[in-house]
Amino acid sequence: MRIPSSTRVGIVGGGPAGLLLARLLRGAGIDCVVLESRDRTYVEQRQRAGILEQATVDVLRSCGAAGRLDQEGMAHDGIELRWDRRTHRIDFPGLTGGRRVRVYAQTEVVKDLIALNLADGIPVAFGAQVLAVEGADTERPVVRYGLDGGEQTLTCDYVVGCDGFHGVTGRSVPESVRTTYERVYPYSWLGVLAEAPPSCDELIYAHSPRGFALHSMRSATVSRLYLQVPNGTDPADWSDERIWDELDARFAVEGDWKLRRGPITQKAVLPMRSSVTEPMRYGAVFLAGDAAHIVPPTGAKGLNLAVADVTVLAAALTERYAHGSARLLDAYSDSCLRRVWRAEHFSYFMTSTLHTDPDQSDFETRLQISQLDRIATSPHASAELAENYVGPPIG
Ligand code: RFL
Ligand code: PHB
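Everything quoted here is computed from the prediction, not taken from an experiment.

K.L.:
Explanation requested: unusual backbone geometry in the structure shown.
P.N.:
Trans peptide bonds make up the majority, and among non-glycine residues the majority have a negative phi. Here the residue pair E278 and P279 is connected by a cis peptide bond, since its omega of -10° sits within 30 degrees of zero. Here P279 is to be found in the loop between β17 (264–278) and β18 (281–282). With a phi angle near 55°, D84 is a residue other than glycine that sits in the positive phi range. Of note, D84 is situated in the loop between β5 (78–83) and β6 (86–91). Positioned with a positive phi, R85 is a non-glycine residue whose angle comes to about 60°. Relative to the helices and strands, R85 is located in the loop between β5 and β6.

Next comes the structure, spelled out in structure tokens:
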């Protein structure tokens, strides 16, 4: 594919944020180019999120990217919380006026968007490693990138950094005008993919004295499971048997509930972090998705926030090109940050309520149990959790 040397919107990063932004801009007739450092197979196989909010599904539908999602995505009307060998179900539609979420893997969202974008002739360059974004405070910022052993440039009206937490676009914003708020957690997740049918129709979030555990799924035959582990854990230290035994111990409830076991096909350790960089815009450079903010995955918000950011940005760029008005572009950072901070709080709340800090006192454990009891007995407390989990409408 020929990559032009200039375009209206240069998109750095071809994860869900960059790929969806390209699709929304194309729908509005705005030219763009996506530069992605990795190859297509790598991007399509990277195991990550699984939960799509209703608003995320609506955006994917609106741009014709929900064909397979509507066929294969699993509607989920609730989650189960477990603690103290007890269980409590949160009923989303009943607590939120009919809203629910869907389980559809990020890998599948990415595959669908790549196929559609390439079929529509949107330039998506794989193996294009962006080295720097220059002239953020000028009218024609330039993206410098390496491709096939050579160095190229892309001149744009606007550059959007969708290049994730370790991306380079954020560095084009001078340190003096950006502030990063951050929290690193004293534990990680060991995430595994198993060829085993889900052990329950819904996700299970378990608090236990041994640490947190999460039961999720990818299909009728594949389970996705997570265990809280110490930072610095080597996945090689966890045999399949050790993983299943630990999951059984953490999910234990009164009665004889057991997980369905099967071969483990992938194992990875994921650090947990909360981070927000403000503002999300500097001159002609915008940041979206993980490039601007990170949440610990306990709230299932990261992918949904990335989708919300680029939906707001696509509407703003559309107004700019259709009517010449920069009003929505000027409002972009503030309007995204309101949603971002709500999701940050919820993700922090879910994480700190369900995990066991290595230095945690018995007093703090009793507070966690009290909070979980409150959710189970108060319709207000469970509605608060349900509303945050299903997420607000975008805009
Ligand atoms: P991504 O997906 O990291 O994509 C960034 C892309 O930019 C590329 N890139 C570059 N390209 C060119 N030049 C450079 N210099 C570049 N530097 C980087 C990268 O190769 C990559 O392709 O960010 P994006 O698009 O903002 O999407 C964010 C989501 O991926 C992330 O928030 C979610 O996966 C978070 N997350 C979850 N979110 C949910 O909404 N629901 C969930 O259930 C959920 N579960 C999870 C998660 C994240 C997890 N991890 C990995 C911590 C579960 C896990 C385990
Ligand atoms: C997942 O299915 O990967 C998943 C689901 C819910 C979370 C995090 C990850 O909170």
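K.L.:
In this structure, what is going on with the side chain of Q228? I would like to understand it.
P.N.:
Position of Q228 relative to the elements: it lies in strand β16 (residues 223–229). A distance of 2.9 Å separates a polar side-chain atom of Q228 from the backbone nitrogen of F212. A polar side-chain atom of Q228 sits 2.7 Å from the main-chain carbonyl oxygen of T356. Not counting residues up to four positions away in its chain, the partners in contact with Q228 are Y187, S188, W189, G211, F212, R250, H355 and T356.

K.L.:
Would you explain the packing of aromatic side chains in this entry?
P.N.:
Each aromatic ring pair is characterised by the separation of its centres together with the angle its planes make. If you walk through the whole model with that rule in mind, you get 12 aromatic pairs. With centroids separated by 6.0 Å and ring planes inclined at 65°, the aromatic side chains of F251 and W257 adopt a geometry described as edge-to-face. Here F346 and Y389 contribute two aromatic rings whose centre-to-centre distance is 6.4 Å and whose plane-to-plane angle is 90°, an arrangement assigned as edge-to-face. Here F346 is found in helix α9 (residues 327–354), whereas its partner Y389 is found in helix α11 (residues 379–390), with 43 residues between them in sequence. Look at Y389 and you get buried, because its relative accessible area is 1%. Put simply, the rings of F92, W189, Y205, F212, Y226, F346 and Y389 touch in pairs and so form one group of aromatic residues.

K.L.:
So what exactly am I meant to see when it comes to the sheet that holds strand β10 (residues 142–147) here?
P.N.:
Strand pairs in the sheet, formed through backbone hydrogen bonds, run parallel or antiparallel to each other. Taking strand neighbours across the sheet as the criterion, the 3 strands line up as β9-β10-β11 in an open arrangement whose pairing is antiparallel. Two strands close off the open sheet at either side, each with one partner strand: β9 (129–134) and β11 (150–155). In this sheet, neighbouring strand axes are inclined to one another by 25° on average, regardless of whether the strands run parallel or antiparallel.

K.L.:
What exactly am I supposed to notice about the site of ligand 2 here?
P.N.:
Inspection of the region around ligand 2 gives 14 residues, with Y205, S216, R218, Y226 and P297 positioned closest. With respect to ligand 2, the side chain of Y205 contributes an N or O atom lying 2.8 Å from an oxygen atom. With respect to ligand 2, the side chain of Y226 contributes an N or O atom lying 2.6 Å from an oxygen atom. Protein chains bury 97% of the 280 Å² of accessible surface belonging to ligand 2 in isolation. Going through the elements one at a time, β14 (203–206), β15 (213–217) and β16 are the ones with two or more residues in the shell around ligand 2. Of the residues belonging to the shell around ligand 2, the class tally is 8 nonpolar, 3 polar and 3 charged. Each of domain 1 (6–74 + 105–182 + 273–350) and domain 2 (185–271 + 360–390) gives at least three residues to the shell around ligand 2.

K.L.:
Explain empty space enclosed by the protein here, please?
P.N.:
Any space left empty among the atoms is revealed by the rolling of a water-sized probe across them. Summed over all chains, the structure comprises 2 cavities of 30 Å³ or more. Put simply, the largest cavity is a space of about 40 Å³. Along the walls of the largest cavity sit P16, V43, R46, Q106, T107 and V110, which together make up its complete lining. Its residues assigned to classes, the lining of the largest cavity shows 3 nonpolar, 2 polar and 1 charged. For the second largest cavity, the calculated volume is near 30 Å³. What lines the second largest cavity is simply P16, L20, L52, T56, L60, V109, L113, L303 and V307.

The rules behind the values
Residues numbered from 1 in each chain as written. Chains lettered and ligands numbered in written order. Predicted model: local features only at pLDDT ≥ 70, side-chain atom pairs only at ≥ 80, totals over all residues. Heavy atoms only, no water. Helix = DSSP H or I, 4+ residues; strand = E, 2+ residues; numbered from the N terminus. Polar contact = N/O pair within 3.5 Å; in protein donor to acceptor, adjacent residues only side chain to side chain. Contact = heavy atoms within 4.5 Å. Phe/Tyr/Trp six-rings, centres within 6.5 Å; stacked < 30°, edge-to-face > 60°. Buried < 20%, exposed > 50% of the residue type's maximum accessible area, 1.4 Å probe, protein only. Pairing = 2+ DSSP bridges. Axes fitted to C-alpha atoms, helices over the stretch in contact; angles between N-to-C directions. Near = heavy atom within 4 Å. Areas by Shrake-Rupley, 256 points an atom, 1.4 Å probe, with all protein chains shown as cover. Nonpolar A, V, L, I, M, F, W, Y, C, P; charged D, E, K, R; others polar. Domains from an automatic or database assignment. 1 Å grid on protein atoms, 1.4 Å probe; cavity = no way out; pocket = protein on both sides within 12 Å on 5 of 7 lines; lining within 4 Å. Points joined across faces, edges and corners; volume = space filled by probe spheres on them.

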